[in-house]
Amino acid sequence: MAAASGMPQLVPCLDVREKEYDGVVVVTDSPSKLTGSLKSLGEAIDNYGKKDQDYTKSVNLIQTDAVPSQRLIFSPTGPLNRDYDDVRRFTDASVKGIKRALSAGCKKPLLVCPAEALFSKARVVSILGALSALYVPLEIREDCEDRKQKAEALGIFVDGDWSSWKQDIARAEALEKGRIVTRDIGGSDPERMAAPRIAEYVQSIFKDTCIKVTVTDDIPTLKKEFPLLAAVNRAANMVDRHKARVIQLEYKADGDISKTLFLVGKGITYDTGGADIKAGGIMAGMHRDKCGAAAVAGFFKILAELKPPGLRVVGGMACVRNSVGEESYVADEIITSRAGRRVRVGNTDAEGRMVMADVLCKFKEMAADAKNPELFTIATLTGHAIRAVGPNYTIILNNGPAKKISVACKLQEAGDLFADPFEISTIRKEDYDFHKGPSEYEDILQCNNLPSSQTPRGHQSPAAFLIMASGLDKHGIDSDQPYPYSHLDIAGSSGPFPGIPTGSPILAFAAQYVLPRLP
């Protein structure tokens, strides 16, 4: 992996008293669950609790002879049995526990996750939480030799069915490798992950793998194949290091294919707003506008690691910088999309839908020959998404054929298992009406000139635009050739800024489309 991933080796451990570990991190809601070979840990925590009544409410570093390092870290999940408790309790506790171990000086912590009946994936989620705390940003790995890795190894205490634990550890490792790719691309600054350098990174990580990578960068082809994207690219195209790239990825399992996924990711490497410039200090953080494309690449890393049978996946990363300059596209322009729809630009800061629509149209065309196709767009698209459901949730919206096969519900259920939560929203007739061309000049209005957060149905209507501009409105439930399509707005779930990207929504996608296919 590019610049070495920084991920520590995952080491199964059968004995909590192994001396190679310099700290033991326990993640559970109650010390009473520490039984058998873990009984001594439970007793040490209970003894500590006699001195601190709040010990179940915060992370505790306990000095005890119960472990060779004398560092026992109890990171309680808190209650697990209330209506609103979910498996993220384990993510949060694992993150806090590992961070406390690091601050105590640990380089080889051992993670202990006793069996949990309420949440079937609690131990995988706990491992993933620990690994997220150990992620090192790409720029740090490349530039700071002494900070390339936070831990040398992460021990995983194994108790019970060895084969089941081995499988969980292997799958957690593969999922984390995907999240590292997602974070590397999504979190790196706008120069380190300008479009040409994203292409280089992607080509590097998938070299000599089962993933086919195709990069389109010449302007005549971009204008012909992706005219809406090419319009957004006009200002950035004046600077070589900022020029657009459309990166297509493909995974095809050996043997018969039973399902085909098409994923389009928004990859705005930096969003100035264009001619409708982001003023008043709201431009900071806009390098994160590429997290949709980053998620596509991260999902393909999981595919490369796990190689699920019966599955074909085609991904499109629409990587463009929304720059401002004399060549900027502007409001009032009319641009004909790949689908032949005349699109009137209403606001250049609604560039994400522009760069995805033609790639989605191309995949719609490919779907005609695909086995059981499902199409998706993934984007940090609207501030309205955060206003509607808060900062931690992916919003998913189905078209008619996707609703018929419960795409959103199934992804929500899969995400709930792996601490990658979704909220389901709905595309309504008002959303289509909003984007109908108001005059005979245009077929479609791209956007109004208000922020999405000040626009009624500000996260729903962009999905209708994508359907209309790509020609997917000809493939609804009233069509002889219906295509399931779902739009994902990850403006909230992609992660905080400042901070580390989460990698959402690739855990949910893996849980729904990859893991069930594995032996």
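Quantities reported herein were computed from a predicted structural model and do not represent experimental measurements.

Draft legend 1. A look at the nonpolar core. Core analysis: the biggest nonpolar cluster contains 94 residues, and Ile 185, Val 202 and Met 317 have the highest contact counts within it. Discounting chain neighbours no more than four positions away, the residues touching Met 317 are Ile 185, Ile 198, Val 202, Arg 245, Val 246, Ile 247, Leu 249, Gly 265, Ala 293, Val 296 and Ala 297. Core analysis: the second largest hydrophobic core is formed by 46 residues, Ala 244, Ile 268, Tyr 329 and Ala 469 among them.

Draft legend 2. Summary view of helix α13 (residues 407–417). Within α13 the residues assigned to the buried category are Val 407, Ala 408, Leu 411, Ala 414 and Gly 415. Buried residues in α13, looked at end-on, bunch into an arc of 130°, giving them a common side. Residues of α13 that are buried make contact with β13 (373–379), β14 (394–398), α12 (400–404), β15 (422–426), β17 (485–489) and α16 (506–514). After α13 finishes, the residue Ala 419 shows a positive phi value of roughly 60°.

Draft legend 3. Seen up close, the layout of surface pockets. When its volume is computed, the second largest pocket comes out at roughly 450 Å³. Residue lining of the second largest pocket: 21 residues in total, with Asn 398, Asn 399, Gly 400, Ile 427 and Tyr 432 positioned closest to the centre. Secondary structure elements with two or more residues in the lining of the second largest pocket: α12, α13 and β15. Per-class residue counts for the lining of the second largest pocket are nine nonpolar, eight polar and four charged.

Draft legend 4. Molecular detail of the packing of helix α5 (residues 162–187) against helix α9 (residues 291–306). In the contact formed by α5 and α9, the axes pass within 7 Å of each other and the chain directions differ by 155°. Considering the angle they form, α5 stands roughly antiparallel to α9. With respect to the hand of their crossing, α5 and α9 are arranged in right-handed fashion. Counting all contacts with α5, which are made through Ala 174, Leu 175, Lys 177, Gly 178, Val 181, Thr 182, Ile 185 and Gly 186, the residues of α9 involved are Cys 291, Ala 294, Ala 295, Ala 297, Gly 298, Lys 301, Ile 302, Glu 305 and Leu 306.

Draft legend 5. Seen up close, the packing of aromatic side chains. This structure, assessed with the given rule, holds seven aromatic pairs. Ring geometry for Phe 376 versus Tyr 513: centroids 6.1 Å apart, planes at 70°, classification edge-to-face. With Phe 376 in strand β13 and Tyr 513 in helix α16, the pair connects residues that are 137 residues apart, well separated along the chain. Residue Phe 376 shares its accessibility class with Tyr 513, and that shared class is buried. The ring of Trp 165 is capped by Arg 123, whose NZ or CZ atom sits 4.2 Å from the centre of that ring. In this structure, Arg 183 packs its charged tip against the face of Tyr 135, placed 5.2 Å from the ring centre.

Draft legend 6. Structural detail: the UniProt feature "domain: Cytosol aminopeptidase" (unreviewed entry) in the protein. Sequence positions flagged by UniProt for "domain: Cytosol aminopeptidase" (unreviewed entry) are, in local numbering, residues 347–354. For the annotated span residues 347–354, helix accounts for 50% and strand for 0% of the residues, and the straight-line distance between the end C-alpha atoms is 11 Å.

Draft legend 7. Structural context of the pairing of β13. Burial of β13 is extensive: seven of the seven residues sit out of reach of the surface. The side-chain alternation of β13 yields two buried faces, one formed by Pro 373, Leu 375, Thr 377 and Ala 379 and the other by Glu 374, Phe 376 and Ile 378. As paired strands, strand β9 (residues 259–271) and β13 are joined by six bridges and run parallel to one another. In the sheet register, Val 264 faces β13, and the bridge partner there is Thr 377. Note: β13 against β17, five bridges, orientation parallel. In the sheet register, Ile 378 faces β17, and the bridge partner there is Leu 488.

Definitions and limits used
Residues numbered from 1 in each chain as written. Predicted model: local features only at pLDDT ≥ 70, side-chain atom pairs only at ≥ 80, totals over all residues. Heavy atoms only, no water. Core = buried A, V, L, I, M, F, W, Y, C linked by side-chain atoms within 4.5 Å. Buried < 20%, exposed > 50% of the residue type's maximum accessible area, 1.4 Å probe, protein only. Contact = heavy atoms within 4.5 Å. Helix = DSSP H or I, 4+ residues; strand = E, 2+ residues; numbered from the N terminus. Arc of directions from axis to C-beta. 1 Å grid on protein atoms, 1.4 Å probe; cavity = no way out; pocket = protein on both sides within 12 Å on 5 of 7 lines; lining within 4 Å. Points joined across faces, edges and corners; volume = space filled by probe spheres on them. Nonpolar A, V, L, I, M, F, W, Y, C, P; charged D, E, K, R; others polar. Axes fitted to C-alpha atoms, helices over the stretch in contact; angles between N-to-C directions. Parallel < 35°, antiparallel > 145°, perpendicular 65-115°, else oblique. Left-handed = near helix turned anticlockwise from the far one by under 90°. Phe/Tyr/Trp six-rings, centres within 6.5 Å; stacked < 30°, edge-to-face > 60°. Lys NZ or Arg CZ within 6 Å of the ring centre and 35° of its normal. UniProt positions renumbered as here; feature names shortened; annotations may be inferred. Pairing = 2+ DSSP bridges.

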